Amino acid sequence: MRKTLSLSETNEEALPAFESNDIDAESEDDDGNDEDQDLDADPDGTTRDFHFELRKPPSIEDARCALQELRLLLKPPCHDKTGYEDPKLPLILKERLTLMKNFLWLYTDMHNDLAAKLKLHLQSIGKYVRAQDLVDYLSIPENQAHLGFKKLISLRTAQRWMTRMGYHWKKEPQEQYLDGHEHDDIVYYRQNIFLPAWSCYQPRMRKWKKDDITLEDLEAHTEASGRCLIVWFHDESTFYANDRRKERWVHKSKHAIPLPKGEGVLLMVADFVSADHGWLCSPDGKESAQVLFKAGKARDRYFTNEEIITQATNAMDILEKYFSDEDHIFVFDNATTHLKCADDALCARKMLKSLSATWGISVKVKTSGRNAAVGPDGKPIKEKIWMMDCPMEIHSPSISQMNTRKLDGSKEQLRSLLSEDT
């Protein structure tokens, strides 16, 4: 090993102690005006050399040799090669040598071709990598010859390498769910409809103090008159029977127990909540807008737009009965279940060009409790209905004035009206 990094010769005489006059001399050397400035004299007359060749960083080979010597110094192997002996070093010296070893490890690791190739290999595998992948990669003869390995590494060694390369065995961190929030139609609705409407309603909403959110900030109201506006947010949450914590403190006497497969049956909870009143319910808590829904084909089937309307109707009845002195707004998320049209709404895609005696829109039959009627086979009973009546304004180039007619769902009238307009 070169003398500049030799650990056996690191005594006080070999380690120069830089003082203020040394720093001045080094700054003068950077100017490069006089080559004689590379040599300086200490007060005792000793000449010291500050040339750049003696101050440049060591090579990777020298740093690796020094790192190996530090490892042997901090953990000297036993004579029988069964373990390591106590280096019997002073505590302060041992800590400083450990810091030097860590620094040399970082210095050599930045230039380590092995670490770069191992990281590249793990990236090529994909999201789920293992320490065993490193063992398998280094077990290939071509990779061993290229990287200079003569024997295989153990799984424990691969796990230590994974840690040093920045990998940690833990649960994957989760972020907010992303489900079309940046689609063009969603962005347009948010920027041009939702936010302007919210800005219009916000002056009538209650404000809360920042230092104590349980107290209302009466001074923040921008409208002194008018009824208070309450905003109710609707959402659904699904809970599975086998969805439980995976990590906990377990006593050593506990043994493994069999677990059921899959997530199990589910229970969906749908409710309204506001910052003013909390969950939507009566003051005594006996009436609530909360819905517990056991989703599944053989259970309560699925939470559709019909159940949304039923829940919203129940919520409006509770608000009208107990909170009639306030105005209320329901806010639903932008899901297809919440955007469904009425069953008998006009829809050109469901219309026929010719008359049919059996034509109609298939809808589910409702019971007295507004639930879907179910037949003996377990399937919902359906019936056919006509489309709802709707006044239409027909602009005809042959008629100078506006003609208002009523469409009663007849396909023949629709065809005649369209032919007149053309």
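Below, the structure is looked at part by part. Residue positions are given per chain, counting from 1 as you read along its sequence in written order. It should be noted that, the model being predicted, local features are given only for residues of pLDDT at least 70 and side-chain atom pairs only at 80 or more, the latter also being counted only at that level, while totals for whole chains, interfaces and linings use all residues. Side-chain measures here rest on the full set of heavy atoms in the structure, leaving out hydrogens and waters.

This paragraph deals with the overall build of the chain. Helix and strand counts for the chain come out as ten helices and eleven strands. Exposure classes here rest on a 1.4 Å probe applied to the protein chains alone. A residue is buried below 20% of its type maximum, exposed above 50%, and partly exposed in between. By residue count, 22% of the 422 residues in the chain fall in the buried class. The contact criterion used throughout is that any non-hydrogen atoms of two residues lie within 4.5 Å. Intrachain contacts of the chain at a sequence separation of at least 6 include 56% that bridge at least 24 residues. Surface accessibility in these figures is a Shrake-Rupley result with a 1.4 Å probe; residues are shielded only by whichever protein chains are displayed. Taken as a whole, the chain presents about 32600 Å² of accessible surface, with 54% of it coming from carbon and sulfur. Secondary structure elements are defined from DSSP: runs of H or I of at least 4 residues count as helices, runs of E of at least 2 residues count as strands, and each element is numbered from the N terminus.

Turning next to the packing of aromatic side chains. Between rings of Phe, Tyr and Trp, where Trp is taken as its six-membered ring, a pair exists when centres lie within 6.5 Å; planes separated by under 30 degrees are stacked, by over 60 edge-to-face, and by other angles tilted. Applying the stated rule across the entire model yields six aromatic pairs. Ring geometry for Phe-149 versus Trp-161: centroids 6.2 Å apart, planes at 65°, classification edge-to-face. Taken as a pair, Phe-149 in the loop between helix 6 (141–147) and helix 7 (155–164) and Trp-161 in helix 7 lie far apart in primary sequence, twelve residues in all. What links up through ring pairs into an aromatic cluster is the set Phe-194, Trp-198 and Phe-233.

Attention now moves to the nonpolar core. Buried Ala, Val, Leu, Ile, Met, Phe, Trp, Tyr and Cys residues that are joined via side-chain atoms within 4.5 Å together make up what is termed a nonpolar core. Membership of the largest hydrophobic core comes to 15 residues, with the highest contact counts inside it found for Leu-118, Leu-134, Leu-138, Trp-161 and Met-162. Mapped by element, the contributors of at least two residues to this core are helix 4 (113–125), helix 5 (131–138) and helix 7. Among the elements that line this core, the one with the most residues is helix 5, at five residues. Ignoring sequence-local partners within four residues, the contact set of Leu-118 consists of Leu-134, Tyr-137, Leu-138, Trp-161 and Met-165. Core analysis: the second largest hydrophobic core is formed by ten residues, Cys-228, Ile-230, Trp-232 and Ala-289 among them.

Within the fold, Val-273 resides in strand 4 (residues 266–274). For Val-273, a relative accessible area of 30% corresponds to the partly exposed category. Note: C-alpha distance between Val-273 and Gln-290 (17 residues apart in sequence) is 9.8 Å. Those residues in contact with Val-273, other than ones at most four positions away along the chain, are Val-231, Trp-232, Phe-233, Gly-278 and Trp-279.

Attention shifts here to the side chain of Gln-144. Of note, Gln-144 is situated in helix 6. With a relative accessible area of 15%, Gln-144 lands in the buried category. With residues near it in sequence (within four places) discarded, Gln-144 still touches Leu-138, Ser-139, Phe-149 and Leu-152.

Let us look at the pairing of strand 3 (residues 229–240). Two strands qualify as a pair provided that DSSP identifies no fewer than 2 bridges between them. Two elements, strand 3 and strand 7 (residues 327–331), share five bridges in a ladder whose sense is parallel. Looking across to strand 7, one finds that Phe-233 is bridged to Val-331. Two strands pair when backbone bridges link them, and strand 3 and strand 4 are joined in this way by eight bridges, in the antiparallel orientation. Within strand 4, the residue paired with Phe-239 across the bridge is Leu-267.

This paragraph deals with the packing of helix 4 against helix 5. Angle between the axes and distance between the axes: these two values describe a pair of packed helices. To get an axis, fit a line to the C-alpha atoms, keeping to the stretch in contact for a helix; angles then go from 0 to 180 degrees between the N-to-C directions. Interaxial distance between helix 4 and helix 5 falls to 11 Å at its minimum, and their mutual angle equals 115°. Here the hand of the crossing between helix 4 and helix 5 comes out right-handed. Residues Lys-117, Leu-118, His-121, Leu-122 and Ile-125 of helix 4 touch helix 5, and the partners they reach there are Asp-133, Leu-134, Tyr-137 and Leu-138. Crossings are assigned a handedness: left-handed for a near helix turned anticlockwise from the far helix by less than a right angle, right-handed for a clockwise turn.

Side chains of Tyr-188, Tyr-189, Ile-193, Phe-194 and Leu-195 sit close together on the surface and give an oily, nonpolar patch of about 480 Å² of accessible area. For Leu-195, the position within the fold is in helix 8 (residues 184–201). Patch definition: residues above 30% relative accessible area lacking any salt bridge, with like charges linked at up to 9 Å and the nonpolar side chains Val, Leu, Ile, Met, Phe, Trp and Tyr linked at up to 5 Å. Definition used for salt bridges: Asp or Glu carboxyl oxygen within 4 Å of a side-chain nitrogen of Lys or Arg.

Here we take up a positive patch on the surface. Positive charges come from Lys and Arg alone, negative charges from Asp and Glu alone, with His and the N- and C-terminal ends not counted. Each charge is placed at NZ for Lys, CZ for Arg, CG for Asp and CD for Glu. Together, Arg-71, Lys-75, Arg-156, Arg-160 and Arg-164 line one region of the surface with positive charge. Mapped onto the secondary structure, Arg-156 falls in helix 7. Overall, Arg-156 belongs to the partly exposed group, its relative accessible area being 48%.

The next point concerns unusual backbone geometry. Among all residues save glycine, negative phi is the norm, and among peptide bonds the norm is trans. Phi at Lys-88 is positive, roughly 55°, even though this residue is not glycine. As for its position among the elements, Lys-88 is in the loop between helix 2 (60–74) and helix 3 (91–110).

A regular strand carries its side chains on alternate faces of the sheet. Pairing of strand 4 with strand 6 (residues 291–293), which is carried by three bridges, proceeds in the antiparallel orientation. Across the sheet, Met-268 pairs through a bridge with Phe-293, a residue of strand 6. The sheet contact formed by strand 4 and strand 5 (residues 278–279) spans two bridges and is antiparallel. Within strand 5, the position partnered with Ser-274 by the bridge is Gly-278. Counting the residues in the hairpin turn of strand 4 and strand 5 gives three residues.

On to the pattern of salt bridges. Throughout the structure, instances matching the rule amount to seven salt bridges. Close ionic contact of Arg-130 with Asp-133 constitutes a salt bridge, the shortest N to O distance being 3.1 Å. Residue Asp-133 is classed as buried on the basis of its relative accessible area, which comes to 10%. Here Arg-130 and Asp-136 are joined by a salt bridge, their closest N and O atoms 4.0 Å apart. For Arg-130, a relative accessible area of 47% translates into the label partly exposed. On the basis of relative accessibility, which here comes to 35%, the residue Asp-136 falls in the partly exposed class. When salt bridges with common partners are traced through the structure, they connect Arg-130, Asp-133 and Asp-136 into a single cluster.

We now examine helix 8. Compared with an ideal rise of 1.5 Å per residue, which puts 18 residues at 26 Å, helix 8 spans 25 Å between its outermost C-alpha atoms and is within 8% of the ideal. The largest bend in helix 8 amounts to roughly 35° and is located at Arg-190. Helix span, as expected, comes to 1.5 Å for every residue beyond the first. Each residue is assigned a bend, namely the angle between axes fitted to the seven residues that terminate at it and the seven residues that start at it.

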